[in-house]
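# Overview (structure and organization)
Each chain, letter by letter, is given below.
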Amino acid sequence: MVNEQKKRVAIIGGGITGLTVAYYLQKEVMSKGLNLEYQLFESNQQLGGKIQTDYSNGFVIERGPDSFLARKQSAARLAKEVGLEKELVYNDSGQSFVLKGDELYPIPGGAIMGIPTKVAPFATTKLFTPLGKLRAAGDLFIPKTSSSNEDQSLGQFFRKRLGDEVVENLIEPLLSGIYAGDIDRLSLLATFPQFHQVEQKYRSLILGMSKAMPKPTKPAKTKQTTKSKGMFLSFKGGLQSLVEGIENHLDEDAVKKETGIERVEKVESNTSLLLRVAMLSCLTM
Ligand SMILES: Cc1cc2nc3c(=O)[nH]c(=O)nc-3n(C[C@H](O)[C@H](O)[C@H](O)COP(=O)(O)OP(=O)(O)OC[C@H]3O[C@@H](n4cnc5c(N)ncnc54)[C@H](O)[C@@H]3O)c2cc1C
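Presented here is an overview of the structure given in this document. Computed from a predicted structure; not experimentally measured.

## As for unusual backbone geometry
The bulk of non-glycine residues show a negative phi, and the bulk of peptide bonds are trans. Unusually for a residue other than glycine, asparagine 57 sits at a positive phi of about 50 degrees. Position of asparagine 57 among the secondary structure elements: in the loop between β3 (53–56) and β4 (59–62). Although it is not a glycine, methionine 113 sits at a positive phi angle of roughly 50 degrees. Exposure remark for methionine 113: the relative accessible area of 30% places this residue in the partly exposed category.

In C-alpha cells form, the structure reads like this:
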C-alpha cells in the first residue's frame, strides 16, 4: 500500500467564508476518511470577521451584517446543520432610519435603494433641503448620462442623476454598506448593472424605478390574514450565533486565533505544488 503523505490545508481568515470552508472540509474528511488535516488561521482574537453582534439592555445590535437572503438556502442549511434551526428568525423590518449629523431621519417611503419613486414622502422629508429635492427632480428631465456599455462609478452615476445631497444623505449609506466600499470607486456595471439598464430603457431613474416596481397585489380574501414572511433571515441572538455554532463544531486544535498570516510562498516539490504559509505569530503548522 502506498503510504500517502497527509495533505495539509491552511484556511486563512476566520470570517464566515473561512469558517464555512473549515466546517465542510472537516465534514468531508470525517465522512470519507480523507487523509487530510486543516488549520484555520485568524489574526483576530475572535472569529467571525465582519460579523459581530453586541448585546445591550436586552437588544441585539449588529455591528456589520444583520441578516441573509432567505431565498439563498445555503446559509439556513448550514445553520440547521450546526443545530441552530430553532434560532432562525425572519427579520421583521419596521421603519428604517438614516443618521444625518446627530439625528435619525426615517427613510422616505417608496425609496428603492434610495431612489425616490413616490412624490409625497420625498417632498415632505426633512432629510434633504428644498434645493436638494429640486436637484433630485432634475432626473426627470436630464438625458442619459452613459452610453450602452460605458462604465462609471456608482457615485458618479447617481450624483449626475440625482445630485450630491440625495447621494450623500441616502444612497451612499444604503449602497456602500452592501459592498463595504466607497461608491465613488465602485463600478456601476459590476455592482448594480440594473440601474444602468433602467437609465438606458427609461432615461429617468425615478420614472424607470417606479415602472419597474411590482404593483401591490390585493391579498386573497381569507378569514384570517397571515403576515407574509420576510425576505431575510437571522438568528434570535444575532448573526454571531452562526459564527459560534460553526466554531463549536470545529476541531479546537485546528483553529488558531491571533495568528495572522504574513505571506504564502510556493515550495518546489517533485510530486506536488506545496504552499508554505508564514505566520505573524509564533504557532507552527
Ligand atoms: C456594514 C456591513 C453590512 C453588511 N451587511 C450584510 C448583510 O446584511 N447581509 C449580507 O449577506 N452581507 C452583508 N455584508 C457583507 C458581509 O458582511 C461579508 O460579505 C462577509 O461577512 C464577508 O465574510 P468573509 O469571511 O469573506 O470576510 P471577513 O468577514 O472580512 O473575514 C475575513 C477574516 O480574515 C481575517 N484575516 C484577514 N487577513 C488575515 C491574515 N493575513 N491572516 C489571518 N487572518 C486574516 C480577518 O481578521 C477576518 O476575520 C455587510 C458588510 C458590511 C461591512
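## Brief notes about the sheet that holds strand β6 (residues 88–90)
Pairing within the open sheet is antiparallel, and its three strands lie in the order β5-β9-β6. The sheet is open, and its two borders are formed by β5 (68–69) and β6, each paired with just one other strand. The pairing of β5 with strand β9 (residues 232–235) spans two bridges and is classified as antiparallel. When the bridges of β9 are listed, leucine 69 appears paired with phenylalanine 232.

## Details of the nonpolar core
Of all hydrophobic cores here, the largest spans 28 residues; its most connected members are Phe235, Leu242, Ile246 and Leu250. Listed by contribution, the elements that provide at least two residues to this core are α1 (16–32), β2 (36–41), α2 (74–81), β9 and α10 (240–249). Of the residues forming this core, the biggest block, five residues, is contributed by α1. With residues near it in sequence (within four places) discarded, leucine 242 still touches Ile16, Leu78, Ala79, Val82, Leu84 and Phe235. One finds Phe158, Val167, Leu170 and Ile171 within the second-largest nonpolar core, a separate group that totals 26 residues.

## Some details on the packing of aromatic side chains
For any pair of aromatic rings, geometry is given as the distance between the ring centres together with the angle between the planes. Summed over the entire model, instances satisfying the criterion amount to seven aromatic pairs. With a centroid separation of 5.6 Å and 15 degrees between ring planes, the pair formed by phenylalanine 122 and phenylalanine 128 is classed as stacked. The pair formed by phenylalanine 122 and phenylalanine 128 is uniform in burial state, with each residue classed as buried. Three or more aromatic residues joined by ring pairs make a cluster, and in this case those are Phe157, Phe158, Tyr179, Phe192 and Phe195. Residue placement shows lysine 100 over the ring face of tyrosine 105; its charged tip is 5.3 Å from the ring centre.

Basis of the calculations
Residues numbered from 1 in each chain as written. Predicted model: local features only at pLDDT ≥ 70, side-chain atom pairs only at ≥ 80, totals over all residues. Heavy atoms only, no water. Helix = DSSP H or I, 4+ residues; strand = E, 2+ residues; numbered from the N terminus. Buried < 20%, exposed > 50% of the residue type's maximum accessible area, 1.4 Å probe, protein only. Pairing = 2+ DSSP bridges. Core = buried A, V, L, I, M, F, W, Y, C linked by side-chain atoms within 4.5 Å. Contact = heavy atoms within 4.5 Å. Phe/Tyr/Trp six-rings, centres within 6.5 Å; stacked < 30°, edge-to-face > 60°. Lys NZ or Arg CZ within 6 Å of the ring centre and 35° of its normal.

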